Amino acid sequence: MEITRKTMEVATAVLTGSVGALICYGSTENGIGWGPGGPEPGYFPFGIGCLILLGSLATLVQTVWKHAGVHHAGAVPEEPFINGARLRLLVAFVLPIVAMTAISAWLGLYIGMGLYIFYTMRVSAGFRTLTSLAAALLVIALNFIVFEKLFMVPLLKGPILEYFGIY
């Protein structure tokens, strides 16, 4: 499986254009005109949405223009954005982050980050189990001290830490 650079540029332009359109649409619900007291609440967001749309359209036109003659005889083949091997590496990097996010929402941030650090060190990087476990516990302890004690910013604990009275 191979995704070309052109495909990703078009997909990005469409995605950012959709975000711009959504911003514009949401702004119209708040008023985009100039009222007696000055600009209405949607005035500036509408302008930002229009700029995003304009940038996305420019990217789309530039991409189509740049790749217009790619398929004629003797042309250089399209540059791959990602191929199968790179996609597997990307998925191997992204899936643990997604799992950490889900686990953190369910069991708390400290448990999620500890499992993530352990997994990436043990499975992805090949460190020994004891080293990976020690690093995970150290990261948890340092984050607890920095956020909970020094900055007094409570992070999501989850049911396990609450069970042990850490809240």
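Because the structure is predicted, anything quoted here is derived from the model rather than measured. (Residues numbered from 1 in each chain as written. Predicted model: local features only at pLDDT ≥ 70, side-chain atom pairs only at ≥ 80, totals over all residues. Heavy atoms only, no water.)

Moving on, we get to the UniProt feature "transmembrane region" (unreviewed entry) in the protein chain. What UniProt calls "transmembrane region" (unreviewed entry) maps, in this numbering, to residues 42-61, 89-119 and 125-147. Helix and strand shares over residues 89-119 are 97% and 0% respectively, and the end C-alpha atoms of the span are 15 Å apart. Spanning residues 125-147, this segment combines 83% helix with 0% strand, and its end C-alpha atoms are found 27 Å apart. (UniProt positions renumbered as here; feature names shortened; annotations may be inferred. Helix = DSSP H or I, 4+ residues; strand = E, 2+ residues; numbered from the N terminus.)

Turning our attention to unusual backbone geometry. Even without glycine at this site, Met 152 takes up a positive phi of about 55 degrees. The topology assignment puts Met 152 in the loop between helix H5 (129-150) and helix H6 (158-163).

Another point: the packing of aromatic side chains. The full count for this structure, using the stated rule, is four aromatic pairs. With a centroid separation of 5.3 Å and an interplanar angle of 80 degrees, the aromatic rings of Trp 34 and Tyr 43 are classed as edge-to-face. Note on Trp 34: relative accessible area 58%, which makes it exposed. Relative accessible area serves as the criterion here: at 33%, Tyr 43 is assigned to the partly exposed category. Their ring planes at 85 degrees and their centres at 5.1 Å tell us that Tyr 43 and Phe 44 sit as a pair that is edge-to-face. Through successive ring pairs, a cluster of aromatic residues spans Trp 34, Tyr 43 and Phe 44. (Phe/Tyr/Trp six-rings, centres within 6.5 Å; stacked < 30°, edge-to-face > 60°. Buried < 20%, exposed > 50% of the residue type's maximum accessible area, 1.4 Å probe, protein only.)

Let us look at the pattern of salt bridges. This structure, assessed with the given rule, holds three salt bridges. For Glu 9, the salt bridge is made with Lys 66, and the minimal N-O distance between the two is 3.3 Å. Highlighted residues: Glu 9 in helix H1 (residues 5-28) and Lys 66 in helix H2 (residues 43-66), separated in sequence by 57 residues. Note on Glu 9: relative accessible area 16%, which makes it buried. When the shortest N-O distance is used, the salt bridge between Lys 157 and Glu 148 registers 3.0 Å. Per residue, the accessibility class of Lys 157 equals that of Glu 148, and both read buried. Taken together, the shared-partner salt bridges connect Arg 5, Glu 9 and Lys 66 into one network. (Salt bridge = Lys/Arg side-chain N within 4 Å of Asp/Glu carboxyl O.)

Before going further, it helps to examine the packing of helix H3 (residues 84-107) against helix H4 (residues 109-124). Remark: H3 packs on H4, axes separated minimally by 7 Å, with the N-to-C direction vectors making an angle of 155 degrees. If you check the angle between H3 and H4, you find them roughly antiparallel. Seen from above, H3 lies across H4 with right-handed handedness. Judged by residue contacts, Pro 96, Ile 97, Met 100, Ile 103, Ser 104 and Leu 107 of H3 engage Leu 109, Ile 111, Gly 112, Met 113, Leu 115, Tyr 116 and Tyr 119 from H4. (Axes fitted to C-alpha atoms, helices over the stretch in contact; angles between N-to-C directions. Parallel < 35°, antiparallel > 145°, perpendicular 65-115°, else oblique. Left-handed = near helix turned anticlockwise from the far one by under 90°. Contact = heavy atoms within 4.5 Å.)

Here the domain parsing of the protein chain yields domain 1 (5-73) and domain 2 (84-163). If you average the C-alpha positions of domain 1 and of domain 2, the two centres end up 36 Å apart. (Domains from an automatic or database assignment.)

Bringing a nonpolar patch on the surface into the picture now. Together, Leu 90, Phe 93, Val 94, Ile 97 and Val 98 make up an exposed nonpolar region whose accessible area comes to about 410 Å². A relative accessible area of 41% places Leu 90 in the partly exposed class. (Patch = residues over 30% accessible without salt bridge, like charges linked within 9 Å, V, L, I, M, F, W, Y side chains within 5 Å. Areas by Shrake-Rupley, 256 points an atom, 1.4 Å probe, with all protein chains shown as cover.)

Next up on the list: the packing of H1 against H2. With their axes 8 Å apart at the nearest point, H1 and H2 run at an angle of 160 degrees to one another. In terms of their interaxial angle, H1 and H2 are classed as roughly antiparallel. In this structure, H1 crosses over H2, and the sense of that crossing is left-handed. Mapping the contact onto sequence places Lys 6, Glu 9, Val 10, Ala 13, Thr 16, Gly 17, Gly 20, Ala 21, Ile 23, Cys 24, Ser 27 and Thr 28 in H1 and Pro 45, Phe 46, Gly 49, Cys 50, Ile 52, Leu 53, Ser 56, Thr 59, Leu 60, Thr 63 and Lys 66 in H2. For the contact of H1 with H2, the class distribution of residues is 11 nonpolar, nine polar and three charged. (Nonpolar A, V, L, I, M, F, W, Y, C, P; charged D, E, K, R; others polar.)

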